Amino acid sequence: MTSRKRLMFVALPLLLVVLACTCSSQELFFVPTPTAPPVTLLAPPLVVATPTPLSEEIIAEVDAEDVILVNLYQRTNPGVVYIAVLVEEGGTPIPLGSGSGFVIDTEGHIITNNHVVEEADIVRVTFSDGSVAGDAQVLGRDPYSDLAVILVDVSPERLVPLELGDSSTLQVGQRVVAIGNPFGLEGTMTVGVVSALGRTLPAQMVEIAGFRNPEIIQTDAAINPGNSGGPLLDTRGRVIGVNTAIRSMTGLNSGIGFAVPVNSVKHIVPHLIEEGIYHYPYLGITSDNRFTVAELAGPLGLLVTHGVLISEVQPGTAAARAGLRGGDREVDVMGVTIMAGGDVIVAIDRHELRDFDDLIAYLVRETEVGQEVVLTVVRGEEELEILVTLGERP
C-alpha cells in the first residue's frame with residue numbers, strides 16, 4: 001500500500017475482495033430514497049383482519065435474545081478500539097486511514113490487521129470511553145495472515161481484554177457478532193451467521209504470491225471499510241475471528257465478509273509479540289491446484305483420489321533433502337498441461353489430506369520451523385512414509 005492508498009483491494013472476476021479498512025478523510029454521500037409519482041388506484045375491498053396475539057412464551061424468547069445481544073455489546077465493546085493511522089510528511093502528521101482492533105490482555109497488547117498499520121508512522125488508539133493512547137507501538141506484523149500486534153502504554157485498569165474462543169468448533173449457521181468502526185463510526189455492532197468455513201482468501205500483497213490462508217471464515221454479518229482488525233464474536237462474547245475483508249460488487253458496501261480464524265491468531269500472535277515476525281514452516285513443493293487429485297486420478301492413472309500431487313520440488317528445500325519427487329512429464333488434461341509422475345502426499349502425521357489447502361492449513365496450524373513430520377506418499381504403486389524436517393518459508 002503506497003502512502004496515498006486509501007483502500008486496498010484484490011481484483012477478482014466481476015467482483016472485488018476489499019480490505020475492510022477506511023480512510024479518515026473519506027467523504028460519505030447519503031442519497032434519499034426517491035419518491036414514486038402519484039398514481040390513482042381503485043380502492044380495494046375493505047378487509048378487517050384480527051391478528052392473533054403472540055403468546056407470552058414467544059415474546060419471552062424474543063426478549064431473551066435481545067437481552068443476550070445487549071449484554072454481549074456492553075461486555076465486549078469496551079475491549080474494541082478505534083485505530084487512526086498517520087504518516088509524517090515534512091514533519092507534519094497526515095491522516096492515512098483508520099481501522100479497528102481489540103485488547104487481548106492487561107499489558108496493553110492489541111490485535112488488528114497488518115494492512116491497517118503496515119505503513120503507519122504514528123498510530124493512535126481511541127478506547128470506547130473516548131480516551132486516547134497517542135503513541136501506540138507496532139510490535140509485530142505478518143502480511144501472510146494479515147495480523148498485527150500493537151502495544152499501548154496505559155494503566156491495566158483501562159484495558160478490557162476479550163476472551164479468545166476456538167474457531168475449530170464453529171459450525172455454518174452459528175450466530176456471530178461483529179464490532180468495529182465502519183467508515184469511522186465507532187462502536188458499531190452487526191449480527192449475522194457463519195456463512196461458510198474453510199474459505200481461501202489470497203494474501204493481501206502481490207509480492208506474497210503463492211500463499212493462501214485456507215481456513216478463512218465467511219460471514220454475512222455486515223462488514224464495511226473500517227471494520228478491519230475488529231473482532232468477530234460468538235454469542236458468548238468470545239473472539240472467533242478477526243474481520244479482514246469483504247467481497248462486494250461495488251468495493252465499498254457490505255458484501256460477503258471474511259475473518260481470519262482465531263486459532264490462527266493464537267498460533268501466530270505470541271511470535272509477533274516476542275519476535276515481531278512469524279516464521280512459517282516450509283516444505284518446498286509446488287502443486288497445480290486447477291484440478292484435484294480426484295479429477296486427475298482417471299486421466300493420470302493415479303491409485304488414489306485424494307491428496308497433493310507434487311508438480312515440482314524446489315532445490316535445496318526440506319522436500320528436496322527428504323527425497324520427494326516432482327513431475328517428470330507433461331500431460332494434457334482437458335486442454336490444460338499438467339506435470340505428471342510426481343509423488344502424491346496423502347497424509348501428514350497420519351492426518352489425511354484432501355488437497356493442497358489441507359496441507360497448508362496443517363503446516364500453519366500444527367507445525368513449526370525445524371519440526372519433523374511424517375509424510376505418507378504414494379509413488380507409483382508404492383506407499384511410503386518419509387520423514388521431513390521442515391524449513392522456513394523464504
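Residues numbered from 1 in each chain as written. Predicted model: local features only at pLDDT ≥ 70, side-chain atom pairs only at ≥ 80, totals over all residues. Heavy atoms only, no water.

### Describing the overall build of the protein
Right, on to step 1. In terms of helices and strands, the protein carries six helices and 26 strands.
Right, on to step 2. Out of the 394 residues belonging to the protein, those deemed buried represent 47%.
Right, on to step 3. In the protein, of all internal contacts separated by at least 6 residues, the share reaching a separation of at least 24 is 64%. (Helix = DSSP H or I, 4+ residues; strand = E, 2+ residues; numbered from the N terminus. Buried < 20%, exposed > 50% of the residue type's maximum accessible area, 1.4 Å probe, protein only. Contact = heavy atoms within 4.5 Å.)

### Observations concerning the pairing of strand 21 (residues 336-340)
Right, on to step 1. Burial along strand 21 is one-sided: the residues V336, I338 and A340 are buried and none of T337 and M339 is.
Right, on to step 2. For strand 20 (residues 329-333) and strand 21, the ladder comprises five bridges, and the chain directions are antiparallel. Considered in strand 21, the bridge of V331 is made with I338.
Right, on to step 3. The loop that links strand 20 with its antiparallel partner strand 21 comprises two residues; one of these, M334, has a positive phi angle of about 50°. (Pairing = 2+ DSSP bridges.)

### Brief notes about the side chain of D358
Right, on to step 1. Summarising the element assignment, D358 is placed in helix 6 (residues 356-366).
Right, on to step 2. Among the polar contacts made by the side chain of D358, one reaches the main-chain amide nitrogen of R354 at a distance of 2.9 Å.
Right, on to step 3. Residues within four places of D358 in sequence aside, it is in contact with E352 and L353. (Polar contact = N/O pair within 3.5 Å; in protein donor to acceptor, adjacent residues only side chain to side chain.)

### So, the pattern of salt bridges
Right, on to step 1. Under the definition given, this model contains nine salt bridges.
Right, on to step 2. Via salt bridges that share partners, E215, R365 and E366 belong to a single interconnected network. (Salt bridge = Lys/Arg side-chain N within 4 Å of Asp/Glu carboxyl O.)

### Comments concerning helix 4 (residues 293-300)
Right, on to step 1. Three or more residues of helix 4 are buried, namely V293, L296, A297 and L300. An end-on view of helix 4 places all buried positions within 125° of arc, on one side of the element.
Right, on to step 2. Those residues of helix 4 that are buried are in contact with strand 18 (308-309), strand 20, strand 21 and strand 22 (344-348).
Right, on to step 3. Where helix 4 ends, the next residue or the one after it, G301, has phi of about 70°, a positive value. (Arc of directions from axis to C-beta.)

### What to know about the sheet that holds strand 3 (residues 80-89)
Right, on to step 1. Taken in spatial order, the seven strands make up an open sheet running 7-6-3-4-5-9-8, and their pairing is antiparallel. One side of each edge strand has no neighbouring strand; the edge strands of this open sheet are strand 7 (132-133) and strand 8 (137-142).
Right, on to step 2. Relative to the sheet, helix 3 (residues 262-275) contacts strand 5 (109-112), strand 8 and strand 9 (147-151), its axis offset from that of strand 9 by approximately 50°. (Axes fitted to C-alpha atoms, helices over the stretch in contact; angles between N-to-C directions.)

### Side note on the packing of aromatic side chains
Ring pairs (aromatic) are described by centroid distance and by the angle formed between their planes.
Right, on to step 1. Enumeration according to the criterion identifies two aromatic pairs in this entry.
Right, on to step 2. A ring pair is formed by Y144 and Y280, whose centres lie 5.0 Å apart and whose planes are at 65°; its orientation type is edge-to-face. Residue Y144 is found in the loop between strand 8 and strand 9, and its partner Y280 is found in the loop between helix 3 and strand 16 (281-282); the two are separated by 136 residues along the sequence.
Right, on to step 3. Owing to a relative accessible area of 3%, Y280 belongs among the buried residues under this scheme.
Right, on to step 4. Residues Y278 and Y280 carry aromatic rings whose centres are separated by 4.7 Å and whose planes lie at 90° to one another, so their mutual orientation is edge-to-face. Accessibility assignment for this pair places Y278 and Y280 in one class, buried.
Right, on to step 5. Site record: aromatic cluster; members linked through ring pairs are Y144, Y278 and Y280. (Phe/Tyr/Trp six-rings, centres within 6.5 Å; stacked < 30°, edge-to-face > 60°.)

### Thoughts on unusual backbone geometry
Right, on to step 1. Positive phi, normally seen in glycine, also occurs at M334, with a value near 50°.
Right, on to step 2. Judged by its relative accessible area of 66%, M334 falls in the exposed class.
Right, on to step 3. Although it is not a glycine, D349 sits at a positive phi angle of roughly 50°.
Right, on to step 4. Turning to its location among the elements, D349 is positioned in the loop between strand 22 and strand 23 (351-352).
Right, on to step 5. When its relative accessible area of 29% is taken as the criterion, D349 is described as partly exposed.

### Things to note about the side chain of T190
Right, on to step 1. Here T190 lies in strand 11 (residues 188-202).
Right, on to step 2. Residue T190 is classed as buried on the basis of its relative accessible area of 17%.
Right, on to step 3. Beyond its immediate sequence surroundings of up to four residues, T190 is in contact with V176, V177, A178, A221 and A222.

### With respect to the confidence of the model for the protein
Right, on to step 1. The predicted model of the protein averages 84 in pLDDT, with 83% of residues at 70 or higher.
Right, on to step 2. Contacts of residues 23-36 to residues separated by more than four positions or lying in other chains number eleven contacts, the stretch itself having pLDDT below 50.
Right, on to step 3. Across residues 203-210, confidence stays below pLDDT 50; counting only partners more than four residues off in sequence or on other chains, it has eleven contacts. (pLDDT = per-residue confidence, 0-100.)

### Focus on the environment of P225
Right, on to step 1. Among the secondary structure elements, P225 is positioned in the loop between strand 12 (212-219) and strand 13 (231-233).
Right, on to step 2. Through-space distance from the C-alpha of P225 to that of N181 is 8.2 Å; in sequence the pair is 44 residues apart.

### A look at the nonpolar core
Right, on to step 1. Of all hydrophobic cores here, the largest spans 46 residues; its most connected members are L283, I285, L324, I345, I348, L359 and L375.
Right, on to step 2. The element best represented in this core is helix 6, accounting for six residues.
Right, on to step 3. With near-sequence residues (within four places) excluded, L283 lies in contact with T317, A318, A319, L359, L363, L375, V388 and L390.
Right, on to step 4. Core analysis: the next-biggest nonpolar cluster, separate from the first, contains 19 residues, L96, I110, A136 and L159 among them. (Core = buried A, V, L, I, M, F, W, Y, C linked by side-chain atoms within 4.5 Å.)

### With respect to a nonpolar patch on the surface
Right, on to step 1. On the surface, L54, I58, I59 and V62 cluster together into a nonpolar patch covering about 330 Å² of accessible area.
Right, on to step 2. Within the secondary structure layout, I59 lies in helix 1 (residues 56-76).
Right, on to step 3. For I59, a relative accessible area of 33% corresponds to the partly exposed category. (Patch = residues over 30% accessible without salt bridge, like charges linked within 9 Å, V, L, I, M, F, W, Y side chains within 5 Å. Areas by Shrake-Rupley, 256 points an atom, 1.4 Å probe, with all protein chains shown as cover.)

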